[in-house]
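Residue-level structure breakdown
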Amino acid sequence: MTHDARRLAWAYLSRVAQGPHRPVVDHAAAHGPEATAEAVRAGRLGERLAVRAHIDTAAADLDHIAALGGRLITPDDDEWPAWRFLGFDGPGMTAGVDTCPPIALWALGTRPVATITERSVSIVGTRASSPYGDHVTAEISADLALDGWTVISGAAFGIDAAAHRAALGVEGTTMAVLACGVDRAYPAGHSRLLRQIAASGLVLSEYAPGTTPAKHRFLARNRLVAALGSAVVVVEAGWRSGARNTAAWAAKLGRPVLAVPGPVTSPTSTGCHRMIRDGEAVLVSSSHDVVAEAGALGSPEEPRPDLFRETDALSDTALLIYDALPATGSVSSRELSEHSGVPLNKVRASLPVLEMDGFVASDETGWFRVVRG
């Protein structure tokens, strides 16, 4: 099969980087994937890439994913969910090689990523879930799916599997984000589940086909689970867990973090209880609670035909945030929260949408109004 040079370059960069790599993402955005591939081969983008620069399986990888019925999705494609990744360049994001969007995405399933994530919620939790956790997860996931929300999780045992299965059970849409190649079923016991997800939704990974799972890849994967949803719901989690890592990414990205309380005697709910107690998460107990928090980002209001001002199209929360911006100068998201009376997590969730709609912008000094003609 013949592939164009630009797509081959994206596939090559994905294989060589093996996960998030801020210098590659920035160089490709500025100079294009082909020039970035040449810079990698010349050793100009760091030692980590230089030792892998000789590995060029791009054509074989593209042939392999096509044979599986899948595809490579790049920033060049219409389905690339660019607005979901705006938070990686937001004021609240710390510097780091992994604090960036994926270089490219490998997918199984026919649904476009940008479409499937328009209204989406990420649901995560412990692999060692309790019957209580499975039950609550199933109720919340099924209700969200019935209401047209995509349920996103990581296809692990426990809470992840309960979320996916509940969405599938009501013929809703669900998406699995993997820490390995999409051609590898991990865990192996979920091979049938992953096929079911791909048939009606998406199985997604930033790792090239054949990539094996590893601990650091799960941690990197968690940032995508957080970024692709309008909110992250933690059902059951220990204090030190992958679910809490996903919640931490959500906070950095400006997504609402929600947690389900459990029995005070349950070790699987200690992480949720502490996040709620410390103000890191909002307590939720139903899908209605979730939508109330995620709706501002995931379900924008339809404009009314009788509007007289552009700002009339904004939700009440977004309008409060916009009105709190000074006429001149810039402010931080925390200052906006104080001035508007809107909780900080909702401010951070709404700002990327306001930016995408052209109402606000940001620089190193903070957020400011955009003068609209």
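Residues numbered from 1 in each chain as written. Predicted model: local features only at pLDDT ≥ 70, side-chain atom pairs only at ≥ 80, totals over all residues. Heavy atoms only, no water.

**Describing the packing of helix α7 (residues 131-146) against helix α8 (residues 159-169)**
Test applied: Only C-alpha atoms enter the line fits that serve as axes; for helices the fit covers just the stretch in contact. Angles between N-to-C directions range over 0 to 180 degrees. Think of it this way: any DSSP run of H or I at least four residues long counts as a helix, any run of E at least two long counts as a strand, and we number them from the N terminus. We call a crossing left-handed when the near helix sits turned anticlockwise from the far one by less than a right angle, and right-handed when that turn is clockwise. Between two residues, a contact is recorded if the distance between any of their heavy atoms is within 4.5 Å. Under the scheme applied, nonpolar residues are Ala, Val, Leu, Ile, Met, Phe, Trp, Tyr, Cys and Pro; charged residues are Asp, Glu, Lys and Arg; polar residues are all the others, including Gly.
For the pair α7 and α8, interaxial distance at closest approach is 8 Å and the crossing angle is 35 degrees. Where α7 crosses over α8, the two elements pack in a sense that is right-handed. Two secondary-structure elements touch here, α7 through Gly133, Asp134, Thr137, Ala138, Ser141, Ala142 and Ala145 and α8 through Ile159, Ala162, Ala163, Ala166 and Ala167. Of the residues belonging to the contact of α7 with α8, the class tally is eight nonpolar, three polar and one charged.

**Thoughts on the pairing of strand β5 (residues 174-177)**
The condition that has to hold: We call a residue buried when its accessible area falls under 20% of the maximum for its residue type, exposed when it is over 50%, and partly exposed in between, using a 1.4 Å probe and counting protein chains only. Only strands that DSSP links by at least two bridges are regarded as paired with each other.
Side chains Thr174 and Ala176 of β5 all project onto a buried face; the interleaved residues Met175 and Val177 project onto the opposite face, where all are buried too. Where strand β4 (residues 150-153) and β5 come together, three bridges link them in parallel fashion. Each bridged residue has a counterpart across the sheet, and for Ser153 the counterpart in β5 is Ala176. Judged from the three bridges that link them, β5 and strand β6 (residues 202-205) form a sheet pairing that is parallel. When the sheet's bridge partners are listed, Val177 is paired in β6 with Leu204.

**Remarks on helix α5 (residues 58-67)**
To be explicit about the condition: The arc refers to the directions leading from the helix axis to the C-beta atoms.
For α5, the complete set of buried residues consists of Ala58, Asp61, Leu62 and Ile65. One face of α5 carries all of its buried residues, which in axial projection span an arc of 95 degrees. Looking at the buried positions of α5, the neighbouring elements they touch are α1 (5-17), β1 (70-73) and β2 (105-108). Of the residues flanking the end of α5, it is Gly69, one or two places downstream, whose phi is positive at about 85 degrees.

**A look at the nonpolar core**
Rules: For our purposes a nonpolar core is just a set of buried Ala, Val, Leu, Ile, Met, Phe, Trp, Tyr and Cys residues, chained together by side-chain atoms within 4.5 Å.
In terms of nonpolar packing, the biggest core is built from 38 residues, with Tyr12, Leu13, Val40, Trp106 and Val203 touching the most fellow members. Put simply, the parts of the chain that give this core at least two residues each are α1, α2 (22-31), α3 (33-41), α5, β2, α8 and α9 (191-200). With seven residues, α1 is the single largest residue contributor to this core. Membership of the second largest hydrophobic core comes to 33 residues, among which are Trp80, Leu105, Leu224 and Met275.

**As for the packing of aromatic side chains**
Note the cut-off: A pair of Phe, Tyr and Trp rings is counted when the ring centres sit within 6.5 Å of each other, with Trp represented by its six-membered ring. The angle between the planes then sorts it: under 30 degrees is stacked, over 60 is edge-to-face, the rest tilted. Two conditions define a charge sitting above a ring: the NZ of Lys or the CZ of Arg must be within 6 Å of the ring centre, and it must be within 35 degrees of the ring normal.
Taken as a whole, this structure holds five aromatic pairs when the rule is applied. On the numbers, 6.2 Å between centres and 45 degrees between planes, the contact of Phe85 with Phe88 is tilted. Relative to Phe359, the ring of Tyr322 has its centre 5.6 Å away and its plane inclined at 75 degrees; by these criteria the two rings are edge-to-face. Of this pair, Tyr322 sits in helix α14 (residues 316-324) while Phe359 sits in the loop between α16 (344-356) and β10 (360-363), and the two are 37 residues apart along the sequence. Above the face of the Tyr207 ring, Arg217 is positioned so that its terminal group lies 5.6 Å from the ring centre. Between the NZ or CZ atom of Arg369 and the centre of the ring of Tyr322, over which it lies, the distance is 4.5 Å.

**Details of the environment of Ser332**
Along the chain, Ser332 turns up in the loop between α14 and α15 (333-340). Among the residues examined, Ser332 registers a relative accessible area of 28% and is labelled partly exposed. Counting along the chain gives 30 residues from Ser332 to Ser362, while the straight-line C-alpha distance between them is 9.3 Å.

These figures come from the coordinates and say nothing about function on their own.
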